[in-house]
Amino acid sequence: MTLSEGYRNNSQIARRVTESWIYNNMFCPRCGCEHIEQFENNKPVADFYCPNCGNQYELKSKNGKFGKKINDGAYDTMIERITGNNNPDFFLMGYSRSEGKVNDIMLVPKHFFVPNIIERRKPLAPTARRSGWVGCNILLDKIPIQGRISIISNGSIENRNSVLRKTQTAQSLKIENVSARGWLMDILHCVNAIDAEEFCLMDMYRFEDILRQKHPDNNNVKPKIRQQLQFLRDKGIIEFLGNGYYSKLK
Ligand SMILES: [Zn+2]
């Protein structure tokens, strides 16, 4: 047996073990249903679904901890799924093979996926079996914290009600339109990047240049910032204190 065959078998075993762990232990963070069901093998879109609310989940698991980037499938397929609004929520599971233990599970709701968190990888070399194939990385640290919901963190299980609450808050930030969603995620990122609980419009305007680079076709960045802040207020993420001052809500 060659090394690559051995490796593929190992990853298949890991896949089976992690999937059955989710099947046996995981509740639906969207609706609180006690268990979720597994799709039959080779479903192209997702791995699990909730029998109560129908929400779909894809599992990405890794021996060890997830870093800032997650290796994923074909770049074009991923972008197509995001822009077509047919990607599932993601469960990111970090486990320890040697300890046989799940240490981390994080939920990333589907609408936190926008094209600029997907990095295009270099095409595979001409000598590779799938020469020219282009994969992608999910840039985890570019997802606002509101979209990274811990279910298990460093081996300890988060309170289920708190997970459901955070998932509901995340759900309230859902926008169908992918370009509008990109703006919202960027503004949320800026708000999160401000250290203080209270901030003012000028603090937000400091991100104007960065935002303009990300959205070169938009000449009205400042009005856009104000519009998105209103959206975040309507969704209960921030509060307006008046006179261009804002406060983050827990
Ligand atoms: Zn559900």
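In this text the structure is predicted, and so the values were computed from the model without any measurement.

> Looking at this structure, how should I read the nonpolar core?
Among soluble globular proteins, nonpolar side chains are generally buried collectively. Counting residues in hydrophobic clusters, the biggest one holds 47 residues, and the most contacted among them are Phe-91, Leu-92, Met-93, Ile-105, Met-106, Val-108 and Ile-187. Tallying contributions element by element places helix α4 (residues 178-193) first for this core, with seven residues. A domain split of this core shows at least three residues from each of domain 1 (3-172) and domain 2 (178-248). Those residues in contact with Val-108 that lie beyond four places of it in its chain are Asp-89, Phe-90, Leu-92, Ile-143, Gly-147 and Arg-148.

> Explanation requested: the packing of α4 against helix α7 (residues 221-234) in the structure shown.
The axes of two packed helices give the description: the angle between them and the distance between them. Interhelical geometry of α4 versus α7 gives an angle of 85 degrees and a closest axis separation of 10 Å. Between α4 and α7, the interaxial angle falls into the category roughly perpendicular. Taken together, the residues of α7 that come into contact with α4 (itself represented by Trp-183, Leu-184, Ile-187, Leu-188 and Val-191) are Lys-224, Ile-225, Gln-228, Phe-231 and Leu-232. Considered class by class, the residues forming the contact of α4 with α7 number eight nonpolar, one polar and one charged.

> Got a minute to help me understand the sheet that holds strand β2 (residues 48-49) in this structure?
The strands that make up a sheet are held in pairs by hydrogen bonds between backbone atoms, and each pair lies either parallel or antiparallel. Spatially, the seven strands line up as an open sheet ordered β1-β2-β3-β5-β6-β9-β10, and their pairing is mixed. Edge strands, defined here as strands with exactly one partner in the open sheet, are β1 (37-38) and β10 (156-157). Pairing between strand β3 (residues 56-63) and strand β5 (residues 89-96): seven bridges, direction parallel. By the bridge assignment for β5, Asn-63 is matched with Tyr-95.

> Help me out: how do you make sense of the pairing of strand β9 (residues 149-153) in this one?
Side-chain positions along a regular strand alternate between the two faces of the sheet. Of the strand pairs in this sheet, strand β6 (residues 101-108) and β9 are connected by three bridges, and their pairing is antiparallel. Bridged to Ile-105 within β9 is Ile-152. With two bridges connecting them, β9 and β10 associate as antiparallel partners. Among the inter-strand pairings, Ser-153 is bridged to a residue of β10, identified as Ser-156.

Definitions and cut-offs
Residues numbered from 1 in each chain as written. Predicted model: local features only at pLDDT ≥ 70, side-chain atom pairs only at ≥ 80, totals over all residues. Core = buried A, V, L, I, M, F, W, Y, C linked by C-beta atoms within 7 Å. Buried ≥ 20, exposed ≤ 12 C-beta atoms within 10 Å, placed from the backbone. Helix = DSSP H or I, 4+ residues; strand = E, 2+ residues; numbered from the N terminus. Domains from an automatic or database assignment. Contact = placed C-beta atoms within 7 Å. Axes fitted to C-alpha atoms, helices over the stretch in contact; angles between N-to-C directions. Parallel < 35°, antiparallel > 145°, perpendicular 65-115°, else oblique. Nonpolar A, V, L, I, M, F, W, Y, C, P; charged D, E, K, R; others polar. Pairing = 2+ DSSP bridges.

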